[in-house]
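As a plain string of letters, each chain reads:
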Amino acid sequence: MKPILYICPLGQEPASFLDKPYARTIEQHRIYDLPKLDLSRFGAILVSAHTDQRAFAASGDRIAAFLDAGGLLVFNGHIAYPFLPELAPFVPVPGYGLALLQVCRVTAHPVFDGVDPQDLTFRRGVAGFYGRGHNPPPPGAEVLHRLSGNDAPLDWVWARPAGGTVFMHGGNDMWMYADDPTSAARIAPQLMAWVTSQIEEHTEKEPA
Amino acid sequence: MSAPRIVAVDAGTYFHRTTFSDPRFAPYFDALVYAPELAADLDWMEADCLFVASRQDPAFLQAVREPIADFLAAGKTVVAMGESQSETWLPGVVWHPSEVNFWWWLTPGADSGLRIGATEHGLFKHLTLADATWHHHGYLDVPHGAISLVNRAAGGSILYEDRMTTSGRIIATTLDPCYHHGSNFMPATTRFLTGFLHWLRESLTGNP
């Protein structure tokens, strides 16, 4: 199976999920190595919220080509530098109140199987860690989670018409919950399992 | 005499873009320099103050360790916010890791463990200890003759001003306000930047 490219974030301790057995197909590279990498080697790309998005967007044409060829992109964070023409900058919810920050499930998805939305709304009783706004979805994207404020489409999956899939989470890294004592800990292994299944499915479709 | 100029280091992250483009803060930054271009284009050395926002890739600052030393030798100011390994590129900085407690404030009556180090300092005309209190990523030794502005009760400083180690001025902290403000998270970080930038500008005009 093609490996998964994980772009190392800035100024952070390494994410704990990288040491788990389920993350063994991950290959880590700095964002500044992106122009030198042959992206066709990878089945999926994982992008942290702590990424130099200016550098990522500078490789937008290569990301588009990766998707054209059927690749899967998992993106965390607030879009500040749109890297595809269909994407637009992050829209925050207007304020800090809990009334705006409840996470509501709209569509079931294997990545969130068994994850209680309350465990996304609250972390140790504090709201807002998971998301505080949204990256506007392109037409045809399937919304997975919304925030109570403005029905903000926080999480969505987009089967890109020109090829490939974008899994978007408009907040902090989904894998940061990997060691939490709540159902949110299911996200990281389930994300890796889903990404793996998508890569395998795509590989089967490719002509031999 | 022309007004002092502040150049900010932009790592290309969403939170830096949000912070630098915030209409409350943008007027304080006369120019931005993209972190990967720090070494190639030394125009920032013409400024009076280099403001290194939280959470940089330290490699880009290590690459300009000598120009930064020259900048300080010319009597100028460097501000180093947290989570960028400033001990690897800034003279006199000694950093110690400590467990980051994101949750201390959930306990009623809990002590943040932080104390004002210099009540009479001009910074505290513009902010309070509460505005500098969220969590911190490690602590710093206070160089001989430097002024600690925020102390840890357990020892060390989380924010100091050092006019002794070099001919210039180093303001170093383990706080990471640009990250949290730029994530629309933690209102204290917004108050911190509001007061800090006001004071910084005043102090550069010789009117602290």
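Residues numbered from 1 in each chain as written. Chains lettered and ligands numbered in written order. Predicted model: local features only at pLDDT ≥ 70, side-chain atom pairs only at ≥ 80, totals over all residues.

1. A closer look at the overall build of chain A
Filter applied, for reference: Secondary structure is summarised from DSSP: a helix means a run of H or I of at least four residues, a strand means a run of E of at least two, and numbering begins at the N terminus for each. Whether a residue is buried, exposed or partly exposed follows from its count of other C-beta atoms within 10 Å of its own C-beta, namely 20 or more, 12 or fewer, or something in between, respectively; the C-beta atoms are built from the backbone. Two residues qualify as a contact pair if the distance between their C-beta atoms, derived from the backbone, is within 7 Å.
On a plain count of helices and strands, chain A comes out with four helices and 12 strands. Taking the principal axes of its C-alpha atoms as reference, chain A extends roughly 50 × 35 × 35 Å. The 208 residues of chain A split such that 44% are buried. The long-range share in chain A, meaning contacts at least 24 apart out of those at least 6 apart in sequence, stands at 66%.

2. Points about the overall build of chain B
What counts, and what does not: Within these notes, the globule rule equals 2.2 Å times the number of residues to the 0.38 power, and the radius of gyration is based on C-alpha atoms.
Summing up its helical and strand segments, chain B has five helices and 10 strands in all. Here the C-alpha radius of gyration of chain B, 16 Å, is about what a compact globule of 208 residues would show, namely 17 Å. Taken along its principal axes, the extent of the C-alpha atoms in chain B is 50 × 35 × 35 Å. Residues classed as buried in chain B amount to 46% of the 208 residues present.

3. Looking at the interface of chain A and chain B
As a reminder, the rule being used: We call Asp, Glu, Lys and Arg charged. Ala, Val, Leu, Ile, Met, Phe, Trp, Tyr, Cys and Pro are nonpolar, and the rest, Gly among them, are polar.
Between chain A and chain B, the contact holds 20 residues from the first and 18 residues from the second. Of the residues belonging to the side of chain A that touches chain B, the class tally is seven nonpolar, nine polar and four charged.

4. Topic: the pairing of strand β10 (residues 142-147) of chain A
All names here are of chain A. The test is simple: Should DSSP find at least two bridges between two strands, the strands are regarded as paired.
For strand β6 (residues 103-105) and β10, the ladder comprises three bridges, and the chain directions are antiparallel. Bridging from a neighbouring strand, Cys-104 pairs with Arg-146 of β10. Bridge analysis of β10 against strand β11 (residues 153-159) gives four bridges, and the strand direction is antiparallel. For Val-143, the partnering residue across the bridge sits in β11 and is Trp-156. Taking the residues that link successive antiparallel strands as the turn, the β10-β11 hairpin has five residues, and the phi of Asn-150 there is positive, at about 60°.

5. Observations regarding the confidence of the model for chain B
Put simply, the rule reads: Each residue carries a pLDDT score, the predictor's confidence in it, ranging from 0 to 100.
Predicted confidence across chain B gives a mean pLDDT of 93, with 96% of residues reaching 70 or more. Quick note on the complex model: pTM equals 0.94, ipTM equals 0.94.

6. Section: helix α4 (residues 187-205) of chain A
Using the following cut-off: In this analysis, the expected span of each helix is defined as 1.5 Å times one less than the number of residues it contains.
Taking 1.5 Å of rise per residue, 19 residues should cover 27 Å, and α4 of chain A covers 27 Å from first to last C-alpha, within 8% of that figure. Along its buried surface, α4 of chain A packs onto β1 (4-8), β3 (44-47) and β4 (72-76) of chain A.

7. Some words on the environment of Ala-159 of chain A
With respect to the helices and strands, the residue Ala-159 of chain A is situated in strand β11. The exposure class assigned to Ala-159 of chain A is exposed, which follows from the 11 C-beta atoms found within 10 Å.

8. Notes on the sheet that holds β4 of chain A
All names here are of chain A. The criterion, for reference: To get an axis, a line is fitted to the C-alpha atoms, and for a helix only the part in contact is used. The angle between two axes follows their N-to-C directions and goes from 0 to 180 degrees.
Taken in spatial order, the eight strands make up an open sheet running β2-β1-β3-β4-β12-β11-β10-β6, and their pairing is mixed. Because the sheet does not close on itself, it has two edges, and the strands there are β2 (26-30) and β6. Across the sheet, the mean angle separating the axes of adjacent strands is 15° when strand polarity is ignored. Here α4 sits on the sheet and contacts β1, β3, β4 and β12 (165-169); the angle it forms with β4, its principal contact strand, is near 155°.

9. Quick notes on the nonpolar core
Put simply, the rule is: Only buried residues count toward a nonpolar core: Ala, Val, Leu, Ile, Met, Phe, Trp, Tyr and Cys, linked into one set through C-beta atoms within 7 Å.
Counting 110 residues, the largest nonpolar core has Val-74, Ile-187 and Leu-191 of chain A together with Phe-51, Val-52 and Val-78 of chain B as its most contacted members. Residues contacting Val-52 of chain B, with those up to four places away along its chain left out, are Val-9, Leu-61, Val-78, Val-79, Ala-80, Met-81 and Ser-84 of chain B.

10. Some remarks on the environment of Gln-102 of chain A
Residues and elements named next belong to chain A. Here Gln-102 is to be found in the loop between β5 (91-92) and β6. Judged by C-beta crowding, with 16 C-beta atoms within 10 Å, Gln-102 ranks as partly exposed. Separated by 44 residues in the primary sequence, Gln-102 and Arg-146 place their C-alpha atoms 8.2 Å from one another. Setting aside anything within four residues of it in sequence, one finds Gln-102 in contact with Thr-121, Leu-147 and Ser-148.

11. Remarks on helix α5 (residues 187-204) of chain B
It helps to recall that an α-helix has 3.6 residues per turn; residues three or four apart then point in one direction. Residue and element names in this part refer to chain B. The cut-off we apply is this: In this context, the arc is that of the directions from the helix axis out to the C-beta atoms.
When the terminal C-alpha atoms of α5 are compared, their 26 Å separation across 18 residues agrees well with the 26 Å that a helix rising 1.5 Å per residue should span. All of the buried residues along α5 are Thr-189, Thr-190, Phe-192, Leu-193, Phe-196, Leu-197 and Leu-200. All buried residues of α5 lie within an arc of 150° about the axis, which places them on one face of the element. A positive phi of about 80° marks Gly-206, the residue just after α5.

12. Things to note about the pairing of strand β2 (residues 31-34) of chain B
Residues and elements named next belong to chain B. For clarity, the cut-off: By convention, orient the strands away from the viewer: a clockwise path from the first strand over the helix to the second makes the crossover right-handed.
Here strand β1 (residues 6-10) runs beside β2; their pairing, made up of four bridges, is parallel. Residue pairing for β2: Val-9 is matched across the bridge by Val-33. Handedness of the β1-helix α1 (residues 14-21)-β2 crossover: right-handed.

13. Examining unusual backbone geometry
Residues and elements named next belong to chain B. With a phi close to 50°, Gln-85 is a non-glycine residue in the positive phi region. Within the secondary structure layout, Gln-85 lies in the loop between β4 (77-80) and β5 (95-96). Even without being glycine, Met-186 reaches a positive phi, approximately 70°. Position of Met-186 relative to the elements: it lies in the loop between α4 (177-182) and α5.

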